[in-house]
Amino acid sequence: MHSSRSPGRHSHRLILLVAAVVTLITSLSVIPAATAADTLLSRGRPVTASSAENVAFPATAAVDGDPGTRWSSAFSDPQWIQVDLGSPATINRVVLDWEGAYATAFTIQTSADGAAWTTIHTTTAGTGGDQTLNVSGTGRYVRLTTTGRATQYGVSLWEVQVYGTGATPPPNGGGPVVRVAEFLAECPFTHRLPDDPIIFPGLPGGSHMHSFFGNTSTDAHSDLTSLLNADSTCSPRIDLSSYWVPTLYNDNVPVEPTGTTFYYLGEGVRDDVIARTQPLPLGLRIVAGNAKATQPDDTGNARWSCLHAGHVGSSKNFVTCPAGTMLESYLDFPQCWNGRDLDSADHKSHMAYPVAGTCPASHPVPVPKLRQVLRYPVNGDPAKFRLASGPGFTMHGDFFNAWPEAEMERRVRDCIRPIIKCGADGHP
């Protein structure tokens, strides 16, 4: 009898053990499913917005995965930013990383076609900061609409992140790929000298006062060898180039910019021209702007504007920036090279600006466009401002290229030609 009952008890225990194991496996199997349900869908996707404060704060900056770039709107209500996920998705979470200029009132909506919208979140008590919103909705398009601002400025977001399931995989596996041909260097101020190794080489004190950025050694005697053997304030540090501009004075006191970004861009020419862009040759020297201008010209290569005050607009001369804002200088360098000379007698003739989306026959080699963006901690009456070279319309910039050739080539190959937005490290 005992032997006939024992297998039954063991069988029962075995059944209970198997059931427990199955239950454990089943419960564990939920973990990957929950993780998979939380996929970042918005990064690198097409994005549009109702407005942008200026060209430095485009809508694309809110989905590029770079915490140092942002979208900023015009200074009015309402405003919106909209992401195209590429295909229908189930949306369960939206993360908003606000800059200081946040929205107190906003809604989040989804749409299958970009026309008919369903609200999945609304608030009139926004707190700014890094907001994580658990939502439930479906759609291909996700739109954030702001109707109330916490400040007098526009609304500004470092990042908009949409999480969920069902959409086609984001570009680069969710990596921050944005269709903008760009890489950059952040190069803080280094020193001031009345020197200019391009215009007045070997003549210390021969120039008006200049403010230098990047290479720490630049003076009247600088050449390519000396630059390559010096240090740099740039991020990345491998950029040993030297950048300089006439010093800005506020009531005759020199003022240095606290924001110093040098963008290398493929814009201004057709896509087929971008595709054949060549690296900037080592040792190339370029001067942009006119230090001897007697009146504003009609080009848009140099302009002044105000950070956080897009309503002021831009001008060739200094503008009146409201309290709490900063004076900005934008300067675009020519991007067409003659293919032969690293400099020329007037320091400009070896370079040219594009015409009708392409480089002229006299300067057939497209190279990245250097855009210099400087932000000065001053505002108010522009009558108190002057440059070492004169009025605001005499703003000009000098560039002496000392990028390592392999790094310049890689950035042109990986960022400019394929039209991909890269950071200071030269990666998307």
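The structure we're discussing is the one just above.
Basis of the calculations
Residues numbered from 1 in each chain as written. Predicted model: local features only at pLDDT ≥ 70, side-chain atom pairs only at ≥ 80, totals over all residues. Heavy atoms only, no water. Pairing = 2+ DSSP bridges. Helix = DSSP H or I, 4+ residues; strand = E, 2+ residues; numbered from the N terminus. Axes fitted to C-alpha atoms, helices over the stretch in contact; angles between N-to-C directions. Phe/Tyr/Trp six-rings, centres within 6.5 Å; stacked < 30°, edge-to-face > 60°. Buried < 20%, exposed > 50% of the residue type's maximum accessible area, 1.4 Å probe, protein only. Lys NZ or Arg CZ within 6 Å of the ring centre and 35° of its normal. Expected span 1.5 Å × (residues − 1). Contact = heavy atoms within 4.5 Å. Salt bridge = Lys/Arg side-chain N within 4 Å of Asp/Glu carboxyl O.

Before going further, it helps to spend a moment on the sheet that holds strand β12 (residues 242–246). Hydrogen bonds between backbone groups are what pair the strands of a sheet, and the pairing can be parallel or antiparallel. Sheet architecture is open: five strands sit in the order β10-β11-β12-β24-β16, paired in antiparallel fashion. Where the open sheet ends on each side, the last strands, each with one partner, are β10 (189–193) and β16 (285–289). Pairwise comparison of adjacent strand axes, ignoring direction, gives a mean angle of 20° for this sheet. Note: β10 against strand β11 (residues 210–214), four bridges, orientation antiparallel.

Let us now look at the sheet that holds strand β23 (residues 385–387). Reading across from one edge, β14-β13-β23 is the order of the three strands in this open sheet, with antiparallel pairing throughout. For this open sheet the edge positions go to β14 (253–255) and β23, each flanked by a neighbour on one side alone. With strand direction ignored, the average angle separating the axes of adjacent strands in the sheet is 40°. Relative to β23, strand β13 (residues 248–250) runs antiparallel, the two being bridged by three bridges. Residue pairing for β23: Y249 is matched across the bridge by R386.

Take the packing of aromatic side chains next. Evaluated as defined, the whole model comprises 14 aromatic pairs. Their ring planes at 55° and their centres at 4.8 Å tell us that W304 and F318 sit as a pair that is tilted. Within this pair, whereas W304 is found in strand β17 (residues 302–307), its partner F318 is found in the loop between β17 and β18 (326–332), the two being separated by 14 residues in sequence. As far as the burial class goes, W304 and F318 line up, both buried. Through a chain of ring-to-ring contacts, the aromatic side chains of F183, F189, F213, Y243, F262, Y264, F399 and W403 assemble into a single cluster. Between R70 and the ring centre of F57, over which it is positioned, the NZ or CZ distance is 4.2 Å. The ring centre of Y249 lies 4.2 Å from the NZ or CZ of R386, which sits over that ring.

Cis geometry marks the peptide bond from D77 to P78, where omega comes out at -5°. By secondary structure assignment, the location of P78 is in the loop between β3 (71–72) and β4 (79–98). A cis amide bond links S235 to the next residue, P236, at an omega of 15°. Within the secondary structure layout, P236 lies in the loop between α2 (224–228) and β12.

With that out of the way, let us pick up helix α4 (residues 405–416). Since there are 3.6 residues in each turn of an α-helix, residues three or four apart along the chain are aligned in direction. Taking 1.5 Å of rise per residue, 12 residues should cover 16 Å, and α4 covers 15 Å from first to last C-alpha, within 8% of that figure. Each element contacted by the buried residues of α4 is listed here: β9 (182–186), β15 (259–265) and α3 (271–274).

This part covers the pattern of salt bridges. Opposite charge on two side chains permits pairing when their charged atoms draw close. Enumeration over the complete set of coordinates arrives at 18 salt bridges. A salt bridge links D231 to R237; the nearest nitrogen and oxygen atoms lie 2.8 Å apart. As a salt-bridge pair, E267 and K369 come within 3.3 Å of each other at their nearest N and O atoms. Of this pair, E267 sits in the loop between β15 and α3 while K369 sits in strand β22 (residues 369–376), placing them 102 residues apart in sequence. Residue classification places K369 among the buried residues on the basis of a relative accessible area of 9%. Bridged by salt links that share partners, the residues E267, D332, K369 and R371 form one connected network.

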